[in-house]
Structure formats: C-alpha cells, structure tokens
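In case you want the letters, here they are:
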Amino acid sequence: MAVAPAVYLPQGFAAALDELLLQVCEELQLSTSRYERAVARYGVLNKLLESAESPFRYFRPEIYPQGSMALGTTVAPIRGRHDLDFVLQLSRDHSGVDPMALIRSLYEFLRQNGTYRSMTMLKNRCVRIEYADDFYMDVLPACLNGAAGGTCIKVPDCAVRGWSDSNPKGYIDWFKKKSRMIFVGRMLDKAAPLPAQQAVAEKETLQLLVQLSKRWRDLSYANVDAKLAPISVVLTTLAAETYRGERSVSQALTSMLGGVVDLIDQSRRRGEKHLHLRNPSNIAEDLTERWDSNPAAYGAFERGIRDFQRRWSQLIARQGNVNAELVELFGEPVTAALKKTANLRQESRLQGNLGVTGVGRIALVAAASVPIKRNTFYGTE
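What counts, and at which threshold
- Residues numbered from 1 in each chain as written.
- Predicted model: local features only at pLDDT ≥ 70, side-chain atom pairs only at ≥ 80, totals over all residues.
- Heavy atoms only, no water.
- Helix = DSSP H or I, 4+ residues; strand = E, 2+ residues; numbered from the N terminus.
- Contact = heavy atoms within 4.5 Å.
- Areas by Shrake-Rupley, 256 points an atom, 1.4 Å probe, with all protein chains shown as cover.
- Buried < 20%, exposed > 50% of the residue type's maximum accessible area, 1.4 Å probe, protein only.
- Expected span 1.5 Å × (residues − 1).
- Arc of directions from axis to C-beta.
- Pairing = 2+ DSSP bridges.
- Salt bridge = Lys/Arg side-chain N within 4 Å of Asp/Glu carboxyl O.
- Phe/Tyr/Trp six-rings, centres within 6.5 Å; stacked < 30°, edge-to-face > 60°.
- Lys NZ or Arg CZ within 6 Å of the ring centre and 35° of its normal.
- Axes fitted to C-alpha atoms, helices over the stretch in contact; angles between N-to-C directions.
- Parallel < 35°, antiparallel > 145°, perpendicular 65-115°, else oblique.
- Left-handed = near helix turned anticlockwise from the far one by under 90°.

**Q** When you look at the overall build of the protein in this model, what are you seeing that I'm missing?
**A** Of regular secondary structure, the protein possesses twelve helices and twelve strands. The long-range fraction of contacts in the protein, counting pairs at least 24 apart against all pairs at least 6 apart in sequence, stands at 66%. Of the roughly 18800 Å² that the protein leaves accessible, carbon and sulfur atoms contribute 52%.

**Q** Hey, could you run me through unusual backbone geometry in this one?
**A** Among all residues save glycine, negative phi is the norm, and among peptide bonds the norm is trans. Its identity is not glycine, yet R60 carries a phi of approximately 45°, on the positive side. Mapped onto the elements of the fold, R60 is located in the loop between helix 2 (32-49) and strand 1 (62-66). You will see that R161, though not glycine, has its phi angle at about 50°, which is positive. When you line up the elements, R161 lands in the loop between strand 6 (153-157) and strand 7 (162-166). Residue classification places R161 among the exposed positions, given a relative accessible area of 64%.

**Q** Help me understand helix 7 (residues 232-242) in this model?
**A** Each α-helix turn comprises 3.6 residues. Residues three or four places apart therefore point the same way. In terms of burial, helix 7 is largely enclosed, as eight of its eleven residues are buried. Elements that come into contact with the buried residues of helix 7 comprise helix 3 (68-71), helix 5 (168-178), helix 6 (205-220), helix 8 (249-269), helix 9 (290-293) and helix 10 (295-318).

**Q** Is there a simple way to think about helix 2 in this case?
**A** Over its 18 residues, helix 2 extends 26 Å from the first C-alpha to the last, a length consistent with the 26 Å expected when each residue adds 1.5 Å. Three or more residues of helix 2 are buried, namely R34, Y35, A38, Y42, L45, N46, L48 and L49. Seen along its axis, helix 2 keeps its buried residues to an arc of 155°; they face one direction. For helix 2, exposure combined with an orientation more than 90 degrees from the buried face picks out T32, E36, V44 and K47. Next to the buried residues of helix 2 lie strand 1, helix 3, strand 2 (82-93), helix 4 (99-111), strand 4 (127-130) and strand 5 (135-144).

**Q** Looking at this structure, I do not really get the pairing of strand 2. What am I missing?
**A** Moving residue by residue along a regular strand, the side chains alternate between the two faces of the sheet. Sheet analysis places strand 1 next to strand 2, joined by five bridges and oriented antiparallel. From the neighbouring strand, I63 faces strand 2, where its bridge partner is L88. Where strand 2 meets strand 5, ten bridges bridge the pair, whose relative direction is parallel. Each residue of the ladder has a partner; that of L90, found in strand 5, is C143.

**Q** Can you help me understand the pattern of salt bridges in this one?
**A** Opposite charge on two side chains permits pairing when their charged atoms draw close. This model, assessed by the stated rule, comprises 18 salt bridges. Where E62 meets K169, a salt bridge forms, and the shortest distance between an N and an O atom there is 2.6 Å. Of the two residues, E62 is situated in strand 1 and K169 in helix 5; the sequence distance between them amounts to 107 residues. Judged by its relative accessible area of 14%, E62 falls in the buried class. Here R306 ties to E302 by a salt bridge, and the two come within 3.2 Å at their closest N and O atoms. Residue R306 and its partner E302 are both found in helix 10; the two are separated by four residues, about one turn of the helix. For R306, a relative accessible area of 28% corresponds to the partly exposed category. A relative accessible area of 10% places E302 in the buried class.

**Q** I'm lost on the packing of aromatic side chains in this one. Help?
**A** Note on aromatic pairs: each is described by the distance of the centres and the angle between the planes. This structure, assessed with the given rule, holds nine aromatic pairs. By way of ring pairs, the aromatic residues W216, Y221, F308 and F330 are connected into one cluster. Here the basic side chain of K169 rests over the ring of Y64, its NZ or CZ set 4.9 Å away from the ring centre.

**Q** Any chance you could explain the packing of helix 5 against helix 7 here in plain terms?
**A** Each pair of packed helices gets described by two things: the angle between the helix axes and the distance between those axes. Contact pair helix 5 / helix 7: the axes reach a minimum separation of 10 Å and the direction vectors enclose 40°. Here helix 5 lies oblique to helix 7, going by the angle between them. Of the two elements, helix 5 crosses helix 7, and the hand of that crossing is left-handed. Only V233, T236, T237, A240 and E241 of helix 7 make contact with helix 5, whose side of the interface consists of Y171, W174, F175 and K178.

**Q** How do you make sense of the pairing of strand 4 when you look at a structure like this?
**A** As defined by bridge partners, strand 3 (residues 120-122) adjoins strand 4 across three bridges and the pair is classed as antiparallel. Residue pairing for strand 4: M121 is matched across the bridge by R128. Between strand 3 and strand 4, which pair antiparallel one after the other, the connecting turn spans four residues. Alignment of strand 4 against strand 5, held across four bridges, turns out to be antiparallel. Across the sheet, the residue bridging to I129 is M137, located in strand 5. In sequence, strand 4 turns back onto strand 5 through a hairpin of four residues.

Next comes the structure, spelled out in structure tokens:
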C-alpha cells in the first residue's frame with residue numbers, strides 16, 4: 001500500500017512538539033475512576049452471562065473485550081457516554097444457529113434481569129446496556145465461522161436478517177503487530193479480563209496516533225450529524241495501514257495524514273464512489289460499508305481529513321509557537337497540557353532546577369549548561 005514520503009522535522013521543534021503531544025494524550029485518557037467502573041461492571045455482566053440461569057451456559061461462552069479498550073486507544077468523550085464493546089462468543093458453528101434468535105435471546109435474557117431491565121436495548125448487531133452515568137456497553141453475540149477458520153466469527157445483523165463477518169481477535173493481533181507490540185496474555189476459556197489501562201509513556205506510537213485521530217474526529221464532528229463522523233475502526237485501520245514505524249508522534253501523524261489523502265486520491269483515480277477498507281484479519285468484513293448507503297458521510301470524511309492534513313502541514317512548516325493551532329485541532333486537552341507544563345516549569349525554576357542547553361532550550365539543570373536563576377523580584381526595589 002503506497003504511503004506519503006517521510007517528512008523529517010528540525011530536531012528541536014519535533015522534540016518539543018512530541019513532548020506536548022504525549023501530554024495531550026495523557027489528558028485524553030479515561031479517568032481512573034471511570035476506567036475502574038467500567039472494569040467492575042464488565043465483571044458483573046460476565047458473571048451473569050456465565051451463570052446457571054444463562055441460556056448460553058451450555059455453549060461454553062467466551063467473553064472478551066474488543067475495540068478501543070482492547071487496543072489501548074480509548075479516548076474520553078467530549079460529551080456524552082463512553083462505549084465499552086465486548087463479544088459473547090459461543091463455541092459452536094454459526095451454520096446451525098438462527099442469528100435473529102441468538103440476538104433476541106440475549107436481549108430477552110437481559111431484559112428479564114432486574115438490574116438490566118430498563119437499561120437494555122436492541123441494536124443492529126448487538127445488545128446495548130445504557131448506564132445512567134458515563135458509558136454504555138455493547139454486547140456482540142457471535143458464533144464460530146468454521147468455513148473461514150482461525151479466529152473468524154459470524155455475528156447477527158438485523159439489517160439483513162442474517163449473519164455478517166467479523167474477527168475481533170484477529171484484528172487486535174494485526175494492530176499489535178502493526179504497532180510492533182507483543183500481545184501479552186491470552187484469552188481465558190471464559191471471560192477475558194479487560195486489560196489494565198496503560199500509562200501514555202508505556203504506549204506505542206501507533207496507539208497515540210489513533211488517540212489523536214479520534215480526538216480530532218470527536219472535535220471536528222461535534223456540531224454536525226453524528227452519522228457523518230467516521231467510525232473508530234476506520235480511523236484505526238487507516239492509521240495502522242499508513243504507519244511506517246516512526247517513533248516520533250508528530251512525524252507519524254504527518255505520514256499518516258499524507259498516506260490517507262493518497263489512498264483517497266488512488267480510490268478516486270480508480271473511479272470508486274468511496275475508499276474501501278476490509279478487516280485485515282478477515283477480508284469478508286467490509287469496514288466501510290456504511291459509506292455505501294451514506295455518501296454524505298464519505299464526503300464529510302474526505303473534506304475533513306484533507307482539511308486536517310492541510311492544517312497539520314501548515315503547522316509543521318511554520319514551527320515556532322503552534323499552541324493555538326494545536327488547540328483548534330485537539331481542543332481542551334492541549335490547554336490542560338500547556339497549563340501543567342507551565343506549572344511544572346515554574347516549580348522547577350523556583351527550586352533552581354532549570355537551565356539552558358547549548359542550543360538555547362530550557363531543560364533540567366542535569367541536562368543544561370547554564371542554570372537559570374530563581375525569580376526573586378517581588379516589586380520595585
């Protein structure tokens with residue numbers, strides 16, 4: 001797959017920009033309390049689905065997270081609820097199962113439970129549990145796809161009243177390989193635990209790239225029809241497909257945006273109505289099928305990503321103080337990161353721990369050559 005040529009930034013500017021982007025990603029993380037609530041509620045629901053009362057207990061259900069929680073690319077929403085997605089996979093082939101009966105069985109079982117009765121609704125491919133506070137859970141029932149083999153599955157699709165293809169496990173493995181990570185641990189025989197939330201310093205560049213892309217999406221489409229916003233799996237796949245192994249977040253974002261625009265242009269030259277993406281771990285799953293019936297959404301995506309690429313390129317070319325441009329692209333997390341940086345530097349200055357390097361950058365004294373004196377001027381002397 002063709003991607004844009006690498007762009008190298010002046011070292012000082014790139015380092016400062018990367019440092020700020022890392023802090024922005026730190027601000028994008030879910031709060032510890034919200035994450036812990038999600039883990040606790042996930043555990044309670046797992047126990048119910050595996051209990052003696054569950055209609056799925058005879059089919060050795062395997063329950064595991066998918067999406068952003070499994071990939072480590074979760075972003076706190078600008079407003080509204082955060083979604084937690086997981087799969088309820090039965091250990092039987094789909095060929096002997098009625099997909100509409102399967103999803104209806106899950107819906108009715110949860111509706112009969114006193115805790116979930118008023119919180120449960122039926123969606124196209126999943127059953128959603130909406131909590132009163134800050135997130136909802138989407139439970140995707142699934143069966144094995146013996147014909148495809150491996151970790152491929154089939155999921156009910158109410159729109160077509162039949163099965164659709166998927167492979168969440170395979171996608172997670174593909175993404176981890178793209179980001180040059182090793183997926184540590186294994187899926188349990190029953191409920192697989194949610195992975196612990198990583199600190200930003202522990203994340204791979206590709207994970208941070210996806211988080212920034214999703215924040216841009218959330219901010220850019222906040223005041224338009226939600227159906228026009230590109231879904232997370234599309235942004236995640238595009239980021240991974242155009243990622244070239246850069247360690248620098250800013251350089252990776254430059255390459256990604258150029259690469260995505262190039263893919264759009266290639267699609268246009270082929271005469272396609274929109275860019276097509278398949279699940280790399282199951283090519284039978286079309287990740288961009290929503291654009292087939294909603295060309296306005298693709299138009300909004302193309303205009304949005306081209307604008308993102310243009311603004312980012314201008315930011316990189318201008319260098320200097322780009323704080324205002326970053327706030328426009330990523331919003332309040334940039335402001336919060338800048339405030340924290342300013343407060344940290346002020347504390348270090350007061351403690352005499354700041355200095356100036358040989359190239360004029362402010363740094364800790366250990367890395368600097370000339371200490372900066374404490375500011376002790378409190379008025380006219």
